[in-house]
Amino acid sequence: MATPLSVNAFVKALKAEGLTVVEVGDWRTHNRNSKGPWGPVHGVMIHHTVTKGSAHTVDICRKGYSGLPGPLCHGVITKDGTVHLVGYGRANHAGSGDDDALRAVIGERALPVDNEANTDGNRYFYGFECENLGDGKDPWPAAQLLAIEKVAAAICREHGWNERSTIGHLEWQPGKVDPRGFTMASMRARIAKRLGAEPSGRTGPSGGTTYTVKKGDTLWSIARAHGTTVPALVDTNGLEDPGRLDVGQKLKLSGGTVSTYTVARGDTLWSIAASKLGDGNRWREIAALNKLADADAITSGQKLKLPKK
Ligand SMILES: [Zn+2]
């Protein structure tokens, strides 16, 4: 559960995962927000288009068709693995689905059988349409499957979600068969593996643990309990309204390791934080990241992981 990523953070996350991204027309402001809310978001939904030809597929997903106005998703993943961004905000992709499935996605539990259409999915999911005829015969090229894996991982990583926050349309809405030609279980296994490794477009391990917001929490109390700071939490999680936390929302506690530092004689955590991160008060983040029980007990030659500056 989370506030949708800002449009810039969304593009940045996709590119950081090593994806080829094409921005189509006015996609940043092309949406269906006038018809209802978008967010809080809970997951990423994967579809197939039942179309042939990349340019035609992208065009339909951007404009929609009579009876279903576009955008029909946020990104179109064509056969060559390119991600074409066609909209941002509420999009007509998920339709009504099963509230039990939504709860399972929120809790990152195994999905139940979807047998109800009682919940507005366009509000709660990022949506990606994949160019495929959906007849069970049209092949899914390796580059396209890799792009699906990367897109889902990029967004899950950015929100601190795991692979269970990725769902197929067929797992959401009764009667839907998309995506057809690979299983969502196999795709989630790939996403999980990717989330456990380094994103290809970034340097350093992603690291960082997540915290699920509980009733009564404030950013300050969470920061204090986990050895980090409010500005670091706001920055790491891209929070646009730090005063608003939702119970169940997942927060990344650190932006992950981006470098290591070898302690020199005379260093203190404060001096390292001041010189390497530009803020001595961020020594708590270094202590937390390195699981230091005693912040004073660092010795020269010791290697410390440093969080994102
Ligand atoms: Zn679909």
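Preceding this section is the structure that the text describes.
Here the structure is a predicted model, which means the values were calculated and not measured. (Residues numbered from 1 in each chain as written. Predicted model: local features only at pLDDT ≥ 70, side-chain atom pairs only at ≥ 80, totals over all residues. Heavy atoms only, no water.)

Observations regarding the overall build of the protein
Then, in step 1: Broken down by element type, the protein carries 10 helices and 14 strands.
Then, in step 2: Computed over the C-alpha atoms, the radius of gyration of the protein is 21 Å, within 12% of the 19 Å expected from 2.2 N^0.38 for a compact globule of 309 residues.
Then, in step 3: Based on the C-alpha atoms only, the size of the protein along its principal axes is roughly 70 × 40 × 35 Å.
Then, in step 4: For the protein, the residues scored as buried account for 51% of the 309 residues in total.
Then, in step 5: When the accessible surface of the protein is summed, it comes to about 13,900 Å², and 52% of that surface belongs to carbon and sulfur atoms.
Then, in step 6: In the protein, 39 side chains carry a positive charge and 32 a negative one; their mean positions are 3 Å apart. (Helix = DSSP H or I, 4+ residues; strand = E, 2+ residues; numbered from the N terminus. Rg over C-alpha atoms; globule rule 2.2 N^0.38 Å. Buried < 20%, exposed > 50% of the residue type's maximum accessible area, 1.4 Å probe, protein only. Areas by Shrake-Rupley, 256 points an atom, 1.4 Å probe, with all protein chains shown as cover. Lys, Arg positive; Asp, Glu negative; His and termini not counted. Charge placed at Lys NZ, Arg CZ, Asp CG, Glu CD.)

A short note on helix 9 (residues 269-277)
Then, in step 1: Among the residues of helix 9, L269, I272, A273 and L277 are the ones counted as buried. For helix 9, the angular spread of buried residues about the axis comes to 100°, placing them on one side.
Then, in step 2: G278, located one to two residues past helix 9, shows a positive phi value of around 80°. (Arc of directions from axis to C-beta.)

Brief notes about the side chain of T119
Then, in step 1: By secondary structure assignment, the location of T119 is in strand 8 (residues 119-120).
Then, in step 2: Here the side chain of T119 touches N118 through a polar contact of 2.8 Å, side chain to side chain.
Then, in step 3: Aside from chain neighbours lying at most four places away, what touches T119 is G95, S96, G97, D98, D99, L102, Y124 and W172. (Polar contact = N/O pair within 3.5 Å; in protein donor to acceptor, adjacent residues only side chain to side chain. Contact = heavy atoms within 4.5 Å.)

Let's talk about the coordination of the zinc ion
Then, in step 1: Surrounding the zinc ion are the protein donor atoms H47 (ND1), H169 (ND1) and D178 (OD), at 2.1 Å.
Then, in step 2: Between the donor residues of the zinc ion, the gaps in sequence give the motif H-x121-H-x8-D. Residue H47 is found in strand 2 (residues 43-48), and its partner D178 is found in the loop between strand 10 (166-168) and helix 6 (184-195); the two are separated by 131 residues along the sequence. Here the two residues H47 and D178 agree in accessibility, since each one is buried. (Donors = N, O, S within 2.8 Å, 3.2 Å for Na, K, Ca; no water.)

A short note on the pattern of salt bridges
Then, in step 1: As enumerated under the stated definition, the model contains 16 salt bridges in all.
Then, in step 2: Its salt-bridge partner being R103, residue D99 comes within 3.3 Å of it at the nearest N-O pair. Here D99 and its partner R103 are both found in helix 3 (residues 99-107), four residues apart, which amounts to about one turn of the helix.
Then, in step 3: Three or more residues joined by partner-sharing salt bridges are found here, namely E17, E149, R157, R190 and R194. (Salt bridge = Lys/Arg side-chain N within 4 Å of Asp/Glu carboxyl O.)

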